[in-house]
Amino acid sequence: MSAVVGRGIALPAVHADAAERRTMLAFLVWGFSALLIGAAIGPLQALNYGGIDAYPYLHPVLQTYYQGLTVHGVLNGYIFTFFITCGLLVYLPARELGLSPNMALWRLCLGTMAVGTLMLLYAMFDNSSSVLWTFYPPLKGSAFFYLGLTLVVVGSLLPLPIVLDLRARWKALRPGALTPLVTYMSAATMLMWLLAAIGAGIELVVQLDPWALGLTDTVDPMIGRTLFWWTGHPIVYFWLMPAYVSWYALLPKQAGGKLVSDPMARLTFALLLVFSLPVGSHHQYDDPGISPIWKGILAALTLSVALPSLITAFTLGLSLEYAGRLRGGRGWIGWFTALPWRNASVAAQVLAMLTFIFGGAGGIVNGSWQLDNLVHNTTWIPGHFHITVGTATAMTFMGVAFWMLPHLTGRAPFSPRLALASVWLWFVGMSVFALGMHWSGLHGVPRRAWVSYLPHSVYERVYGAAHLPLLLVAAGGVILWLATIAFYIVFAGSLFGRRLATPVAIPFAQAFGGKESYAIDDTEPAGVVADPHLSPLAKLLDHLGVLTLFTACVTLAAYIPIFWPFITHMTAAQGWKVW
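A quick note: this is a predicted structure, and the numbers were derived from the prediction, not measured.

### As for the packing of aromatic side chains
Link 1 in the chain: The final tally for this structure, using the stated rule, is 46 aromatic pairs.
Link 2 in the chain: Between Tyr78 and Trp133, the aromatic rings sit 5.7 Å apart at their centres with planes inclined by 50°, giving tilted as the arrangement. With Tyr78 in helix 2 (residues 65-97) and Trp133 in the loop between helix 3 (103-125) and helix 4 (143-156), the pair connects residues that are 55 residues apart, well separated along the chain. In this pair, the class of Tyr78 matches that of Trp133, namely buried.
Link 3 in the chain: An angle of 70° between the planes, with centres 5.7 Å apart, marks the rings of Phe80 and Phe397 as edge-to-face. Of the two residues, Phe80 sits in helix 2 while Phe397 sits in helix 17 (residues 389-409), which places them 317 residues apart along the sequence.
Link 4 in the chain: The buried category is assigned to Phe397, whose relative accessible area is 1%.
Link 5 in the chain: The ring centre of Tyr136 lies 4.3 Å from the NZ or CZ of Arg225, which sits over that ring.

Laid out in structure tokens, this is it:
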């Protein structure tokens, strides 16, 4: 075991100990177990839109479409993403810096979210809380649902002090040094989530928990919706930014190249921190009580989020081109075909990136006040979600799992061919599904609707014009079932495979322009720490506290004028339990 010394700076060289690996593995298992349940139920929603009502055959496990949709959305949107994120954003910075994280706090994070998850599962499967993933009041669930969700949100914030502590300890030994890239991106993500979680936190603790416990009789739906979307929009970036960490800091190495610009990676995360928070109310274009002036301002602000996506497209596109040309690729697209497509981890992430191009294009439609009126509350919206979190995020996390499971367990990956097949099946299935959802949304087919519950003649009369796109939705769901089966065979097999003779290293990528190279240990070479004098932009962006304070001020400036009319004209609504 040795350390690399760069420019006179000696860095600690430590392996991840067994406790860290076990804890990271626990986060992976909890997260992917949630996805297993959610992904198994998801195609039932696809079949629903194809006119096939499978729910009568699932009693007593699932009673209604809305119960199944709630389980699907909560487990995939919250539990799967939160567990993977809270594991990766502690484990990767700790390995990059060569420091041990605060294990007590990290285990508390795991335990808190695990207890919350069990409470949510109980509340959803006893059919007392079919409130969908948005849990809009006055739809009312049980206290187990809201308290469980509160624990999950609180637990998801605990990686922040862990990452900030790692960063502070590293910087204390290197005054003036620039924060290493993975640590910077992880800290920026968690600081964004700290501000984002305030909305849902207030909604749960002040409104919904007391209401569900019987301490209050009524709730204000508009305040609840607005608080939800304070969190509900930036949560998309809490799903996406960990995928960006892999795309920027790991994928270039896996593809055989380098990251072409460390400062652009930092700028992307700084812009996501600032731009994602103030714009959540664009999800409420059709809601009453919000000034048209503010809706117009929100439309303009929302389009700003496209800027970090464009930076990412150019930076990562060039990084992959460099890798492809190193592998012998020539011509306009030869570099692309020369990428290591037989590597399931690389294929999953590159396909996720390609799919996200379409997700970003659809997001521009959703963020436009005029165009959103055409697709609002249609199947277009979940079609968009499924090529963002359902593809860009989920496929990236699947790709990370392909190398991380062997890294954590020391066991051989199970059936690389089946792993690759699962990636392509997921990509094709989700593409077909999303195409059908977007297309049927343009025909006005409503989202979150138990359309297969209608008599067949009524279904055909109402939705016959969207027959072909709805068939695509159902077909995509069936393909996704096959992808899920293939992936979990690989996942389980990798947990219990044969022992490897050589440990699998974390594929930290190097970046052009770095000056201070360092490594974690003999088997895990880390990235490159940029020289603080090399990039004034990177040095400026290292002031994360200032960026966070600025974002908090901008967020308050955006939301105070929206909340004020609701607070001064409050509505008291009784709870509804529809299904």
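### Details of a nonpolar patch on the surface
Link 1 in the chain: Taken together, the side chains of Ile198, Ile202, Val205 and Val206 define a hydrophobic patch exposed on the protein surface, amounting to about 330 Å² of accessible area.
Link 2 in the chain: You can see Ile198 is positioned in helix 6 (residues 181-212).

### What to know about the nonpolar core
Link 1 in the chain: With 187 residues, the main nonpolar core has Phe32, Tyr78, Leu92, Phe135, Phe145 and Met404 as its most contacted residues.
Link 2 in the chain: Take this core: its biggest share by element is 20 residues, from helix 2.
Link 3 in the chain: Every residue in contact with Leu92, bar those within four places of it in the chain, is listed here: Val182, Val245, Leu250, Trp403, Met404, Ile506 and Phe508.

### Looking at the packing of helix 10 (residues 262-275) against helix 12 (residues 306-326)
Link 1 in the chain: Contact geometry of helix 10 with helix 12 gives a least axis separation of 9 Å together with a crossing angle of 160°. Here helix 10 is positioned roughly antiparallel relative to helix 12, judged by the angle of their axes. Handedness of the crossing formed by helix 10 with helix 12: left-handed. On helix 12, the residues touching Met264, Leu267, Thr268, Leu271, Leu272 and Phe275 of helix 10 are Leu307, Pro308, Ile311, Thr312 and Thr315.

### Examining the pattern of salt bridges
Link 1 in the chain: Per the counting criterion, the structure on display carries 7 salt bridges.
Link 2 in the chain: Here Asp542 ties to Arg167 by a salt bridge, and the two come within 3.8 Å at their closest N and O atoms. In this pair, Asp542 sits in the loop between helix 21 (536-541) and helix 22 (544-568) while Arg167 sits in helix 5 (residues 159-172), placing the two residues 375 residues apart along the sequence.
Link 3 in the chain: With a closest N to O distance of 2.9 Å, Asp542 and Lys171 form a salt bridge.

### Topic: the side chain of Gln207
Link 1 in the chain: Within the fold, Gln207 resides in helix 6.
Link 2 in the chain: Of the polar contacts made by the side chain of Gln207, one reaches the backbone oxygen of Asp220; its length is 3.1 Å.
Link 3 in the chain: Excluding its chain neighbours within four sequence positions, the residues that come into contact with Gln207 are Ile202, Thr216, Val219, Asp220, Ile223, Gly224 and Leu227.

Conventions adopted
- Residues numbered from 1 in each chain as written.
- Predicted model: local features only at pLDDT ≥ 70, side-chain atom pairs only at ≥ 80, totals over all residues.
- Heavy atoms only, no water.
- Phe/Tyr/Trp six-rings, centres within 6.5 Å; stacked < 30°, edge-to-face > 60°.
- Helix = DSSP H or I, 4+ residues; strand = E, 2+ residues; numbered from the N terminus.
- Buried < 20%, exposed > 50% of the residue type's maximum accessible area, 1.4 Å probe, protein only.
- Lys NZ or Arg CZ within 6 Å of the ring centre and 35° of its normal.
- Patch = residues over 30% accessible without salt bridge, like charges linked within 9 Å, V, L, I, M, F, W, Y side chains within 5 Å.
- Areas by Shrake-Rupley, 256 points an atom, 1.4 Å probe, with all protein chains shown as cover.
- Salt bridge = Lys/Arg side-chain N within 4 Å of Asp/Glu carboxyl O.
- Core = buried A, V, L, I, M, F, W, Y, C linked by side-chain atoms within 4.5 Å.
- Contact = heavy atoms within 4.5 Å.
- Axes fitted to C-alpha atoms, helices over the stretch in contact; angles between N-to-C directions.
- Parallel < 35°, antiparallel > 145°, perpendicular 65-115°, else oblique.
- Left-handed = near helix turned anticlockwise from the far one by under 90°.
- Polar contact = N/O pair within 3.5 Å; in protein donor to acceptor, adjacent residues only side chain to side chain.

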